[in-house]
Amino acid sequence: MYWNKDIECMPREKLQALQLKRLADSFQRALSSPFYKEHFASGKIKSISSLDDLEKLPFTTKDDLRRAFPHGLVCVPIEETVRLHSSSGTTGNPTVVYHTKNDLDIWADLMARSLYMAGARKEDVFQNMMGYGLFTGGLGLHYGAEKLGMLTIPIGPGNTHRQIWFLQQFHTTIAHILPSYALRLAAALRDANLESGKDTRLKMVIVGAEPHTEGVRRKIEELLGVKAFNCYGLSEMCGPGVAFECEHQNGLHLWEDHFFMEIVDPETGKRLPDGEEGELVLTTLIREAMPVFRYRTRDITSIIPEPCLCGRTHRRISRIKGRDDDMLIINGVNVFPMQIEKVLMSISGVGTNYIIEVKKQNYMDKLTVKVEIHEELFTGTLEGLEKLELDIERQLKDEILFTPVVKLVEPNAIPVVQGKVKRVIDLRQTD
Ligand code: ADP
Ligand code: ZN
């Protein structure tokens, strides 16, 4: 049941002692970099002697990483690094994250631990439908799956027909996939008159890299006949594998032997107590090449303080609600796209894709939700469709406190994108 029981079920006091030792060592190592010497100069401490000391250090933001381009945060001789990952950099310098051989080994082990926790075993066949390359989703899971001993298929994303062919030919049992793509794969199987579970041996999918609601998870599980496990991570910490669901699928265990977590108020930066929702701030504890201290992830979540039934002592975080910068302000009201998704997924007949459009009309913000519905509904009456639109508008109003415009569209009417899905088109700046 456990990949490494001693670590996964370590008593909390021992785990905290381990965190402190690792944090203190990491801090000392970081002082060898000119970036950190300067960065820490604004803090009030010269060494770390308790976990509370961390709060005295300044935050690190994505902008700090950009400013440190290309390798200002690297704390080992650059010849010791063996790989880099990088963000797209469409808005300025890209952020670059470096790894030593040892960093990659421990990341692979962390991934193997996470996959094993969800129920993956050596006998499984693992089809990795995430992008390989600079994006960490592909390579991150890849090495973990191999380390666990699974037959690993590095197919990458897209080309759904080929995905299905591979699923069938190699008896794939586990897929790693974007949640938005999992819904499209399910639709493609249905179009091909194939039943997942009968015509394929898929039994589990690992989903992550983009925010999605519990409703989308349930839909994936139902349509593909699988168990779907949520995997969270970000390049700045390593990539996927920072937090992962166990068999109880009730929050994600954040691996506290590798990362120290805090939840802060996104406005004030003040630390919030366990259970309260806020921005996740993470510190690497054993990264060699590029330790990162108090990184502002922008991801909104909360710590679940209660122990988990699985016996693991690493605390869980709740499903990511979205990024702080995803939040829309519509005529002064705050809305997270995930609130809209939650409502849409609870309505029967609503399909797998939707998009939110915001524009200005007569100086007011106007929010329109275009949502695909099942084909059969289009054969009904016009009044029936109008009634459904009104019904969805009413249910959305209960959730977001104002009435948006809902437009029902046919399946595949909304263009699909390669890679992470974009659910919001905000045209207000360009009006
Ligand atoms: P980028 O920031 O360019 O998208 P990353 O691949 O590092 O690059 O993306 C990490 C971000 O993806 C996280 O900070 C988070 O916003 C999102 N993310 C990753 N996994 C999940 C997940 N399971 N649920 C929700 N959001 C996720
Ligand atoms: Zn658990």
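Conventions and cut-offs
Residues numbered from 1 in each chain as written. Chains lettered and ligands numbered in written order. Predicted model: local features only at pLDDT ≥ 70, side-chain atom pairs only at ≥ 80, totals over all residues. Heavy atoms only, no water. 1 Å grid on protein atoms, 1.4 Å probe; cavity = no way out; pocket = protein on both sides within 12 Å on 5 of 7 lines; lining within 4 Å. Points joined across faces, edges and corners; volume = space filled by probe spheres on them. Helix = DSSP H or I, 4+ residues; strand = E, 2+ residues; numbered from the N terminus. Nonpolar A, V, L, I, M, F, W, Y, C, P; charged D, E, K, R; others polar. Domains from an automatic or database assignment. Buried < 20%, exposed > 50% of the residue type's maximum accessible area, 1.4 Å probe, protein only. Arc of directions from axis to C-beta. Contact = heavy atoms within 4.5 Å. Donors = N, O, S within 2.8 Å, 3.2 Å for Na, K, Ca; no water. Tetrahedral: all angles 85-135°; square planar, octahedral: opposite > 155°, others 65-115°. Pairing = 2+ DSSP bridges.

(A) Main features of the layout of surface pockets. Here the second largest pocket defines a volume of roughly 670 Å³. Forming the boundary of the second largest pocket are 30 residues, of which A186, A187, A188, R190 and D191 lie nearest the centre. Where the lining of the second largest pocket is concerned, the elements lending two or more residues are helix 8 (179-191), helix 9 (214-224), strand 18 (350-361) and strand 19 (364-373). The biggest single contributor to the lining of the second largest pocket is helix 8, with nine residues. The residue makeup of the lining of the second largest pocket, split by class, is 13 nonpolar, eight polar and nine charged. A domain split of the lining of the second largest pocket shows at least three residues from each of domain 1 (1-323) and domain 2 (333-426).

(B) Helix 7 (residues 160-169), seen in detail. Along helix 7, the residues classified as buried are Q163, I164, F166 and L167. Projected down its long axis, helix 7 shows its buried positions confined to an angular sector of 160 degrees, all on one face. Elements that come into contact with the buried residues of helix 7 comprise strand 3 (125-128), strand 4 (151-153) and helix 8.

(C) Up close: the coordination of the zinc ion (ligand 2). Taken together, C246 (SG), H253 (NE2), C308 (SG) and C310 (SG) make up the protein donors of the zinc ion (ligand 2), found 2.1 to 2.3 Å from the metal. For the zinc ion (ligand 2), the four donor atoms in the first shell make angles of 99 to 119 degrees at the metal, a pattern classed as tetrahedral. Sequence spacing of the donor residues for the zinc ion (ligand 2), all on one chain, is C-x6-H-x54-C-x1-C. Residue C246 is found in the loop between strand 8 (240-245) and strand 9 (252-254), and its partner C310 is found in the loop between strand 13 (303-304) and strand 14 (316-317); the two are separated by 64 residues along the sequence.

(D) Local environment of the sheet that holds strand 10 (residues 259-264). Strand order in this open sheet of four strands is 10-11-12-15, and the pairing throughout is antiparallel. Sheet topology places strand 10 and strand 15 (322-323) at the edges, where each strand pairs with a single neighbour. For strand 12 (residues 295-301) and strand 15, the ladder comprises two bridges, and the chain directions are antiparallel. Note on strand 15: the bridge partner recorded for D299 is R323.

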